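Working through the structure, step by step
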Amino acid sequence: GYHGEMTVDVTIENGSITDVALGDNHETNVVIDRAFPVIRERILEANTADVDSVTAATFSSYAIKTAVADAMQQAGLEAPRSRRPSARPRNATS
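So, here is what we can say about the structure in this document. (Residues numbered from 1 in each chain as written. Predicted model: local features only at pLDDT ≥ 70, side-chain atom pairs only at ≥ 80, totals over all residues. Heavy atoms only, no water.)

**Here we look at the pattern of salt bridges**
Tallying each qualifying case throughout the model produces one salt bridge. D19 is the salt-bridge partner of R40, the closest N and O atoms lying 2.6 Å from each other. One end of the pair, R40, is in helix α1 (residues 29-46); the other, D19, is in strand β2 (residues 16-22), with 21 residues separating them in the sequence. Taking the relative accessible area as the measure of exposure, R40 reaches 28% and is therefore partly exposed. What makes D19 partly exposed here is its relative accessible area of 29%. (Salt bridge = Lys/Arg side-chain N within 4 Å of Asp/Glu carboxyl O. Helix = DSSP H or I, 4+ residues; strand = E, 2+ residues; numbered from the N terminus. Buried < 20%, exposed > 50% of the residue type's maximum accessible area, 1.4 Å probe, protein only.)

Dropping the structure here:
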């Protein structure tokens, strides 16, 4: 995540992601408390880590999606390849 490592527990049963639970983390509570339920729902509905990140929680989303992709690979499922987000200066515009 943005503020260091985080633990994500992923449950896969019969080739399906059945649960994603957030463990130890150092993310800002206001960010992760808002972002985690959204990214979790997206992953469970799509049954993949290849989902859109949560706005304003790009690094946290990336960390969660990477953990899910790793669990998928360990379970013998086809896992998406994720790209690490790049940091941009706060005053950058797009």
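Next comes the rest of the account.
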